[in-house]
Amino acid sequence: MAWRSYRGDMYVVLVTYTAPVPDVDYALPDHSEWLAKQYEQERLIASGRRDLHRGEVMITRPMSRLKLDAMLASDPLSIRHLASYEVIEFAASRTCHELHEINELLAG
């Protein structure tokens, strides 16, 4: 089980803002810095805003759920209670050519 939870599980994280827009906007510079750190640590594949300023979507690299939970708990939006997170777990069986490295990890 530990092998699968590290090697194959990826996540789509739906972030929903739960506070008024001005409060969220005030925290976004810190959140952007946090996102940059996640990319530097090679935890994220993609991220971006959802429509109508409702929240964001993040797609992670393979990692354990415990690591993901710790990562999300360190998000300034979470710390300030400005957002909720819906985590969709999946085991990627295929990726586009640009994500070949992840294909290799999953096949390993």
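Description of the structure in this document. Everything numeric here is computed off the predicted structure, so don't read it as measured data.

About the thresholds
- Residues numbered from 1 in each chain as written.
- Predicted model: local features only at pLDDT ≥ 70, side-chain atom pairs only at ≥ 80, totals over all residues.
- Heavy atoms only, no water.
- Helix = DSSP H or I, 4+ residues; strand = E, 2+ residues; numbered from the N terminus.
- Buried < 20%, exposed > 50% of the residue type's maximum accessible area, 1.4 Å probe, protein only.
- Areas by Shrake-Rupley, 256 points an atom, 1.4 Å probe, with all protein chains shown as cover.
- Expected span 1.5 Å × (residues − 1).
- Contact = heavy atoms within 4.5 Å.
- Pairing = 2+ DSSP bridges.
- Axes fitted to C-alpha atoms, helices over the stretch in contact; angles between N-to-C directions.
- Salt bridge = Lys/Arg side-chain N within 4 Å of Asp/Glu carboxyl O.
- Arc of directions from axis to C-beta.
- Core = buried A, V, L, I, M, F, W, Y, C linked by side-chain atoms within 4.5 Å.
- Polar contact = N/O pair within 3.5 Å; in protein donor to acceptor, adjacent residues only side chain to side chain.

## A word on the overall build of the chain
1) Next: Helix and strand counts for the chain come out as five helices and four strands.
2) Next: Counting over 108 residues, the chain shows a buried share of 31%.
3) Next: Surface summary for the chain: the accessible area is close to 6600 Å², and the carbon and sulfur share equals 56%.

## As for helix H2 (residues 21–40)
1) Next: Over its 20 residues, H2 runs 28 Å from end to end, which matches the ideal 28 Å to within 8%, given 1.5 Å per residue.
2) Next: Where H2 is concerned, the buried positions are Val-24, Ala-27, Leu-28, His-31, Trp-34, Leu-35 and Gln-38.
3) Next: For H2, the elements touching its buried residues are strand S1 (9–17), strand S2 (44–49), strand S3 (55–60), helix H3 (65–73) and helix H4 (76–79).
4) Next: Glu-42 occupies a position one or two residues after H2 and carries a positive phi of about 55°.

## Some thoughts on the sheet that holds S2
In any sheet, the strands associate via hydrogen bonds between backbone groups, in a parallel or an antiparallel arrangement.
1) Next: Spatial ordering of the open sheet is given by S2-S3-S1-S4, a layout of four strands whose pairing is antiparallel. Bordering the open sheet on either side are S2 and strand S4 (83–91), each of which pairs with just one other strand. For this sheet the average axis-to-axis angle between neighbouring strands, irrespective of direction, equals 15°.
2) Next: Where S1 and S3 come together, five bridges link them in antiparallel fashion.

## Describing the pattern of salt bridges
1) Next: Within the structure shown, the criterion is met by three salt bridges.
2) Next: Where Asp-30 meets Arg-80, a salt bridge forms, and the shortest distance between an N and an O atom there is 2.4 Å. In this pair, Asp-30 sits in helix H2 while Arg-80 sits in the loop between H4 and S4, placing the two residues 50 residues apart along the sequence.
3) Next: With relative accessibility at 35%, the residue Arg-80 sits in the partly exposed group.

## Thoughts on H3
1) Next: When H3 is considered as a whole, its buried residues turn out to be Leu-68, Met-71 and Leu-72. Down the axis of H3, the smallest arc covering the buried residues is 95°, so these residues share one side.
2) Next: Against S1, H2, S2, S3, H4 and S4 lie the buried residues of H3.

## What to know about the nonpolar core
1) Next: Core analysis: the biggest nonpolar cluster contains 19 residues, and Val-13, Met-58, Leu-68, Met-71 and Leu-72 have the highest contact counts within it.
2) Next: Those elements that provide at least two residues to this core are S1, H2 and H3.
3) Next: In terms of residue count, H2 provides more of this core than any other element does, five residues in total.
4) Next: Setting aside residues no more than four positions away along its own chain, Val-13 makes contact with Glu-56, Val-57, Met-58, Thr-60, Leu-68, Leu-72, Tyr-85, Glu-86 and Val-87.

## Some remarks on the environment of His-31
1) Next: Of note, His-31 is situated in helix H2.
2) Next: The buried category is assigned to His-31, whose relative accessible area is 1%.
3) Next: Counting along the chain gives 45 residues from His-31 to Pro-76, while the straight-line C-alpha distance between them is 5.5 Å.
4) Next: Here the side chain of His-31 touches Glu-56 through a polar contact of 2.6 Å, side chain to side chain.

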